[in-house]
Amino acid sequence: KLSRRLERVAIHIPKESTLADIGSDHAYLPCYAVLKGLIAKAIAGEVAEGPFRSAREQVEQMELQHAIDVRKGDGLEVLSPNEATCIAVAGMGGTLISSILERGKDRLAGVKRLILQPNVGASNIRIWLLENDWELIDEEILEEDEQIYEILIAEKGDPLRPYSENRDLEIILGPFLKKEQNKAFAKKWSQEKAHWERIVKQLEEKGQNPDLNAKRSELLMQIRMVEEALNQ
Ligand code: SAM
């Protein structure tokens, strides 16, 4: 059975895509998508030997070798240009996901949709999308086993479309997530706020100097921004 997190990632794979799942580990996502009949063809990419073997074994066990190609390599380098039409990168930090996209830019030709699932640091991805003409078209946030996950879906288009004049805040919170304000969203940001408040307190105990003060005002500003967003 697939985790709810990956099930929600799979929902966004367009029918008939050639899916590339980068950092596939057990290849659960491509196996599920093929078995469900969502897609006919996928590539599972893995950089590390152990997970690469797990992916290969899973695909063999499910007898899906005809549909899923397991490849070893760093990020998008496992793809030829115009091969994949949908790329999923899930279960990593937002910084790593952005760097995989940045380093693999030349392999994004022909890709219609990105499905990105950062565990932390989603704002790094929103910034990358903005800078690279990918339009965020939808977002999800969900909680599973006490962990909160975000899913960002993007297509080539107008990168500014999802944002209002309050872009700086929306880059942090997610423009769609901020509008929706579901339970997971409220929980995530009240936890973050509590965390920032603890840091502010620690900084105050350390005393005064320009660096500490600057850090403190930045955190206080973030706290105020989140408070405003949550009270809307
Ligand atoms: N995508 C699966 C999921 O969401 O359940 C697996 C997530 S697992 C925590 C992250 C995987 O990404 C690891 O197996 C790791 O080896 C792989 N990975 C990390 N950096 C990578 C890179 N640059 N290229 C390909 N795979 C990478």
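Residues numbered from 1 in each chain as written. Predicted model: local features only at pLDDT ≥ 70, side-chain atom pairs only at ≥ 80, totals over all residues.

**Comments concerning the overall build of the protein**
Step number 1: Scanning the protein for helices and strands turns up 9 helices and 7 strands.
Step number 2: In terms of overall size, the protein behaves like a compact globule, its C-alpha atoms giving a radius of gyration of 19 Å where 232 residues would be expected to give roughly 17 Å.
Step number 3: A total of 232 residues make up the protein; the buried ones form 34% of that total. (Helix = DSSP H or I, 4+ residues; strand = E, 2+ residues; numbered from the N terminus. Rg over C-alpha atoms; globule rule 2.2 N^0.38 Å. Buried ≥ 20, exposed ≤ 12 C-beta atoms within 10 Å, placed from the backbone.)

**Thoughts on the pairing of strand S6 (residues 134-144)**
Step number 1: Pairing between S6 and strand S7 (residues 147-156): 10 bridges, direction antiparallel. In the strand pairing of S7, glutamate 135 is matched with glutamate 155.
Step number 2: Where S6 folds back on S7, the antiparallel hairpin that results is connected by 2 residues, among which aspartate 145 adopts a positive phi of roughly 50°. (Pairing = 2+ DSSP bridges.)

**Here's the deal with the nonpolar core**
Step number 1: Core analysis: the biggest nonpolar cluster contains 50 residues, and Leu19, Leu29, Ala33, Ile87, Ala88 and Ile115 have the highest contact counts within it.
Step number 2: Counting residues per element, this core draws most heavily on helix H2 (residues 28-35), which supplies 6 residues.
Step number 3: Of all hydrophobic cores here, the second largest spans 5 residues; its members include Ile141, Leu173, Phe185 and Trp189. (Core = buried A, V, L, I, M, F, W, Y, C linked by C-beta atoms within 7 Å.)

**Notes on the sheet that holds strand S3 (residues 68-72)**
Step number 1: The strand order across the open sheet formed by 7 strands is S3-S2-S1-S4-S5-S7-S6, and the pairing between neighbours is mixed. If you trace the sheet from one side to the other, it starts and ends with S3 and S6, each paired once. When the angles between neighbouring strand axes are averaged without regard to direction, this sheet yields 15°.
Step number 2: Relative to S3, helix H3 (residues 49-61) is tilted by about 165°, and along the sheet it contacts strand S2 (41-46) and S3. (Axes fitted to C-alpha atoms, helices over the stretch in contact; angles between N-to-C directions. Contact = placed C-beta atoms within 7 Å.)

**A short note on the packing of helix H8 (residues 183-206) against helix H9 (residues 210-231)**
Step number 1: Where H8 meets H9, the closest approach of the two axes is 9 Å, and the angle between their N-to-C directions is 155°. Our classification of the angle between H8 and H9 gives roughly antiparallel. As H8 packs across H9, the resulting crossing turns out to be left-handed. When H8 is examined against H9, the residues Ala186, Trp189, Glu192, Lys193, Trp196, Glu197, Ile199, Val200, Leu203 and Lys206 are found in contact with a partner set consisting of Leu212, Lys215, Arg216, Leu219, Leu220, Gln222, Ile223, Val226, Glu227 and Leu230.
Step number 2: A class-by-class count of the residues in the contact of H8 with H9 yields 12 nonpolar, 1 polar and 7 charged. (Parallel < 35°, antiparallel > 145°, perpendicular 65-115°, else oblique. Left-handed = near helix turned anticlockwise from the far one by under 90°. Nonpolar A, V, L, I, M, F, W, Y, C, P; charged D, E, K, R; others polar.)

**Side note on the domain arrangement of the protein**
Frequently, the measure chosen for interface size is the accessible area that the parts lose on association.
Step number 1: Domain parsing of the protein yields domain 1 (4-162) and domain 2 (184-231).
Step number 2: One C-alpha centre belongs to domain 1, the other to domain 2; they are set 32 Å apart.
Step number 3: In this complex, domain 1 contributes 4 residues to the contact, which on the side of domain 2 involves 4 residues. (Domains from an automatic or database assignment.)

**Brief notes about the site of the ligand**
Step number 1: Taken together, 17 residues form the shell around the ligand, and within it Gly23, Asp25, Pro51, Ala90 and Gly91 come nearest.
Step number 2: The set of elements that each furnish at least two residues to the shell around the ligand consists of S2, strand S4 (86-92) and helix H4 (94-103).
Step number 3: Ranked by residue count, the leading element in the shell around the ligand is S4, at 3 residues.
Step number 4: Residue composition of the shell around the ligand, grouped by class: 9 nonpolar, 5 polar and 3 charged. (Near = placed C-beta within 6 Å.)

**Some remarks on the packing of H4 against helix H5 (residues 122-131)**
Step number 1: Packing of H4 against H5 brings their axes to within 7 Å, and their N-to-C directions diverge by 25°. Judged by the angle between their axes, H4 and H5 are roughly parallel. Crossing of H4 against H5: the hand is right-handed. Contacts from Gly94, Thr95, Ile97, Ser98, Leu101 and Glu102 in H4 reach Ala122, Ser123, Asn124, Ile125 and Trp128 in H5.

**Some words on H8**
Step number 1: With 24 residues, H8 ought to run about 34 Å at 1.5 Å a step, and its terminal C-alpha atoms sit 35 Å apart, in line with that.
Step number 2: Remark: glycine 207 follows H8 within two positions and exhibits a positive phi of approximately 105°. (Expected span 1.5 Å × (residues − 1).)

**Some details on the environment of alanine 194**
Step number 1: Here alanine 194 lies in helix H8.
Step number 2: Alanine 194 gets classed as exposed once you count the C-beta atoms within 10 Å, which come to 10.

**A word on the pairing of strand S5 (residues 113-118)**
Step number 1: Of all 6 residues that make up S5, 6 are buried, and the element is covered over most of its length.
Step number 2: Where burial is concerned, the two faces of S5 agree: the one with Arg113, Ile115 and Gln117 and the one with Leu114, Leu116 and Pro118 are both buried.
Step number 3: Here S4 runs beside S5; their pairing, made up of 6 bridges, is parallel. Each bridged residue has a counterpart across the sheet, and for isoleucine 87 the counterpart in S5 is leucine 114.
Step number 4: Across 4 bridges, S5 lies against S7 in antiparallel orientation. The residue of S7 that forms the bridge with arginine 113 is glutamate 155.

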